[in-house]
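Chain by chain, the residues:
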Amino acid sequence: MEGMDKKEAGKRIEFLRRELEKHNYRYYVLNDPQISDFEYDGMMSDLASLEKMFPELASPDSPTVKVGSDIAGKAPDTREFRQCRHRYPMLSLGNTYSLAELQDFDRRVREAAGQDFKYSCELKFDGTAICLTYFRGRLVRALTRGDGTVGDDVTDNVRTISSIPDYIGDVPWDFEIRGEIYMPFASFNALNEERLDIGDQPFANPRNAAAGSLKTLDPREVSRRGLECVLYHIIGDNLPFRYHSEALQWASEHGFPISAYSRLCGSMDEAAAYIGEWDIRRKDLPFATDGIVIKVDDLALQSRLGFTAKFPRWATAYKFKPEQALTPLLSIDYQVGRTGAITPVANLEPVPLSGTVVRRASLHNADQMELLDIHIGDWVYVEKGGEIIPKITGVELSKRPEGAPLPHFPTHCPDCGSLLVKDENEARHYCLNEACPTRVKGAFLHFISRKAMNINAGEATIDQLYDKGYIRELPDLYRLDMEKLLTLDGWKEKSAGNFLDSIAASKRVPFGRVLFSLGIRHIGETTAKTLAARFMDIEVMEKASREEFLEVEDIGDVIADSLVEYFEKENHRRIIQELRDFGLQFADNSAASRISDRLAGCTVVVSGNFSRPRDEMKAMIAAHGGKNTGSVSGKTTYLLAGEKAGPEKLSKAEKLGVKIISEDEFYSIINS
Ligand code: IVH
């Protein structure tokens, strides 16, 4: 950048701003970043240096000044949330990758302080920021950072995270407590496995998974996602604390989840030792961290130091450089997934990275390959970030061998040869041939999996059954017999008998799980259950229109289209009929457990606390023939309101003239 003239700098500044805006959108709104944090921070720091060199080119709109916005609604498949103004702006943190720059930070703070002080050194949790408001000790609102001024109201979703207290007792002051919602690696891996299984794009890393879960789903789904929370900042007017660490200690004593790994350090050298220690220890943590946050502990000193437009002057982040390796790309395989998705996988010259030897890395999709401008024979940078599968983050152009060929993304399925189709929304290529061997085997593996039909077999069995020609379509599983099974390698009467028993047992699996087992794209476990409860019989679903699917709570365009497309196919309807003839449950026969019809035709919304768990109240509604839905509308018959029922639901019911009933009134209706 040195020696750049104003014109050149202007061009570069414009380019960097445009790129950073684009990456902000991918990161904060789509939760699908295309570059690493390190590359992003590098661009941001280049832009800041140029704006400093040419102050006349600075702009109040520059990404160096504005906080990246996570406001939903701009993304194609995110739900709109109500937006609320933050009481105190929610800022980001300045960051650096260099210890020398931390010493500069320390010098600035020390000059302003003119006294001795301590730093609170904390892990930088890699999740998504959250701001919780407590009023009279009760959680009343949860907002995302948004653009720093206005955030999305995700209170309902946040209430499902069990470590966040709803009520902390009668506290005489009101406050906001801020922190991070994150997804531990174990939940992240389970979630991605499930997403792959139903043909949804997996999340790139735990941060995106946490942010995506908080933003796009219904509270029931959020509660299954295994989100965790850690809180690290309390703000309010006239709070009785002198130190940040004291405030956090108080929060911890009142049941808030506070990090156990923070340390008070008397100097930047001590802070540097903490950094060194955690750069190693963080690899054993069950969640992702991307650095260390260093904060002035003395709150009076914090307020003297104040804020810039974007950052506090009393805190900064030291970010860990992702470990990288540089190695030649030998070739690219194109793998067919269970759902027909094609994933390009790079074969690399084996190279050690963070304790393992990396031989293969994902290239995601054709767009990503193009973006990297990758050639066979290139030296490529490989990184293991929060994610487990290493990825290629860049190409070292200076090492490109002469004549290195461009790879050709296949036009046809490498497995069955049928023409590939690109899904523009997901930027992925798909093999649409349902008879493609990999897809067929994938469909069986999904069908037999534990959360689906729970049939006791593994991949090797499915491979053998397929290779022998015994299974091509799902009903073939129910045509297997002892004679066929005894032809499998190593199978004896006992193993074959167990397998047949487990196939027979699958006929008792309830409708919701059977629906999930069919492997309809985008239909996960929860959606399948919701659909089963709503439609009661697959025949009703076969005849349902797109609009009828859309009427179901939490079903949007993508799922409705997928359902219509699935049931339109004659072949699918035939397979369902054959499975039904074998005795599988394609109807919700909970009607058998029906106690009465007193709520037949009634739609009931449940809100608040009751003398029994809410689920039990819902089960009672179903047992008496009623339907339970989540939100009050013109179609609602009763709002069953318990203690602390949602004020919004109450006022909506009043506005729409929906009858509000108490728990006692409910019992008198069902027992009348
Ligand atoms: S303090 C005004 N402490 O990192 C200061 N932030 O890149 C507020 N983060 O926006 C932030 N762990 O979402 C703080 N121990 C920690 C943190 C932390 C993670 C996040 C937070 C912040 C972002 C900045």
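Anyway, here's the lowdown on the structure attached to this text. Nothing here was measured: the structure is a model prediction, and the numbers come from that model. (Residues numbered from 1 in each chain as written. Predicted model: local features only at pLDDT ≥ 70, side-chain atom pairs only at ≥ 80, totals over all residues. Heavy atoms only, no water.)

1. Focus on the packing of aromatic side chains
- Here the structure, examined in full by the defined rule, presents 25 aromatic pairs.
- Relative to Tyr 119, the ring of Phe 117 has its centre 5.1 Å away and its plane inclined at 90°; by these criteria the two rings are edge-to-face. Each member of the pair, Phe 117 together with Tyr 119, is buried.
- Seen from their ring centres, Phe 666 and Tyr 667 are 5.9 Å apart, and the 55° between their planes marks the pair as tilted.
- Residue class for Phe 666 comes out buried when judged on its relative accessible area of 1%.
- In this structure Tyr 667 comes out as buried when scored by relative accessible area, which is 16%.
- Cluster of aromatic residues (ring-pair linked, three or more members): Phe 125, Tyr 182, Tyr 261, Tyr 274, Trp 278 and Phe 287.
- Here Arg 138 stacks its cationic end above the ring of Tyr 167, 4.1 Å away from the centre of that ring.
- Over the aromatic face of Tyr 27 sits the side chain of Arg 207, whose NZ or CZ is 3.8 Å from the ring centroid. (Phe/Tyr/Trp six-rings, centres within 6.5 Å; stacked < 30°, edge-to-face > 60°. Buried < 20%, exposed > 50% of the residue type's maximum accessible area, 1.4 Å probe, protein only. Lys NZ or Arg CZ within 6 Å of the ring centre and 35° of its normal.)

2. A look at the pattern of salt bridges
- Following the criterion strictly, the structure yields 43 salt bridges and no others.
- Among the salt bridges present, the one from Glu 56 reaches Lys 6, with a minimum N-O distance of 3.7 Å. Of this pair, Glu 56 sits in the loop between α2 (37-53) and β1 (83-85) while Lys 6 sits in helix α1 (residues 6-29); the two residues are 50 residues apart in sequence, bridging distant segments of the chain.
- Close ionic contact of Arg 479 with Asp 476 constitutes a salt bridge, the shortest N to O distance being 2.6 Å.
- A relative accessible area of 36% means that Arg 479 is categorised as partly exposed. (Salt bridge = Lys/Arg side-chain N within 4 Å of Asp/Glu carboxyl O. Helix = DSSP H or I, 4+ residues; strand = E, 2+ residues; numbered from the N terminus.)

3. Let's talk about the environment of Ile 576
- Along the chain, Ile 576 turns up in helix α21 (residues 570-581).
- Under the relative-accessibility criterion, Ile 576 is labelled buried at 1%.
- For Ile 576, the residues in contact, after removing those within four places along its chain, are Leu 518, Ile 538, Glu 542, Tyr 566, Phe 567 and Phe 586. (Contact = heavy atoms within 4.5 Å.)

4. As for the environment of Asp 476
- Secondary-structure assignment places Asp 476 in the loop between α13 (459-467) and α14 (482-485).
- Asp 476 sits in the buried class, given a relative accessible area of 14%.
- For the pair Asp 476 and Ile 575, spaced 99 residues apart in sequence, the C-alpha separation works out to 9.9 Å.
- Aside from chain neighbours lying at most four places away, what touches Asp 476 is Tyr 470 and Ile 471.
- A distance of 2.6 Å separates the side chain of Asp 476 from the side chain of Arg 479, its partner in a polar contact. (Polar contact = N/O pair within 3.5 Å; in protein donor to acceptor, adjacent residues only side chain to side chain.)

5. Structural notes on the nonpolar core
- Grouped together as the largest cluster of nonpolar side chains are 52 residues, with contacts concentrated most on Leu 477, Leu 518 and Phe 549.
- Among all residues touching Phe 549, those that are not within four sequence positions of it are Leu 531, Phe 535, Met 541, Ala 544, Ile 555, Ala 560, Leu 563, Val 564 and Phe 567.
- If you look at the next biggest cluster of nonpolar residues, it comprises 34 residues, including Ile 130, Ile 168, Cys 229 and Ala 247. (Core = buried A, V, L, I, M, F, W, Y, C linked by side-chain atoms within 4.5 Å.)

6. Describing the site of the ligand
- Near the ligand you find 13 residues, and of these Glu 122, Lys 124, Glu 180, Tyr 232 and Lys 295 are the closest.
- In this structure, a nitrogen atom belonging to the ligand sits 3.1 Å away from a main-chain N or O atom of Leu 123.
- Calculation on the ligand without its partners gives an accessible area of 530 Å², and the protein chains cover 90% of this total.
- The element that contributes the greatest number of residues to the shell around the ligand is strand β3 (residues 119-125), accounting for 4 residues.
- In terms of residue class, the shell around the ligand is built from 8 nonpolar, no polar and 5 charged. (Near = heavy atom within 4 Å. Areas by Shrake-Rupley, 256 points an atom, 1.4 Å probe, with all protein chains shown as cover. Nonpolar A, V, L, I, M, F, W, Y, C, P; charged D, E, K, R; others polar.)

7. Some thoughts on α2
- If you check α2, its first and last C-alpha atoms are 24 Å apart, about what 17 residues at 1.5 Å a residue would give, namely 24 Å.
- Those residues of α2 that sit buried are Tyr 40, Asp 41, Met 43, Met 44, Leu 47, Leu 50 and Glu 51. (Expected span 1.5 Å × (residues − 1).)

8. What to know about the packing of helix α20 (residues 557-568) against α21
- Running from N to C, α20 and α21 point in directions that differ by 75°, and their axes come no closer than 5 Å. For the element pair α20 / α21, the angle class is roughly perpendicular. In contact with Tyr 566, Phe 567 and Glu 568 of α20, α21 contributes Glu 570, His 572, Arg 573 and Ile 576.
- Of the residues assigned to the contact of α20 with α21, the class counts are 3 nonpolar, 1 polar and 3 charged. (Axes fitted to C-alpha atoms, helices over the stretch in contact; angles between N-to-C directions. Parallel < 35°, antiparallel > 145°, perpendicular 65-115°, else oblique.)

9. Some words on the sheet that holds strand β4 (residues 128-135)
- Here we have 4 strands laid out as an open sheet, ordered β5-β4-β7-β8, and antiparallel in their pairing. A single partner strand is all that each edge strand has here, and the edge strands are β5 (138-144) and β8 (228-235). Between one strand and the next, the sheet's axes are offset by a mean angle of 30°, whatever the strand orientation.
- Note that β4 and strand β7 (residues 175-182) share 7 bridges and pair antiparallel. Bridging from a neighbouring strand, Ala 129 pairs with Glu 180 of β7.
- The strands that helix α6 (residues 206-216) touches are β4, β5 and β7; relative to β4, the one it contacts most, it runs at about 45°.
- With respect to the sheet, helix α8 (residues 244-253) is in contact with β7 and β8, its orientation differing from that of β8 by roughly 130°. (Pairing = 2+ DSSP bridges.)

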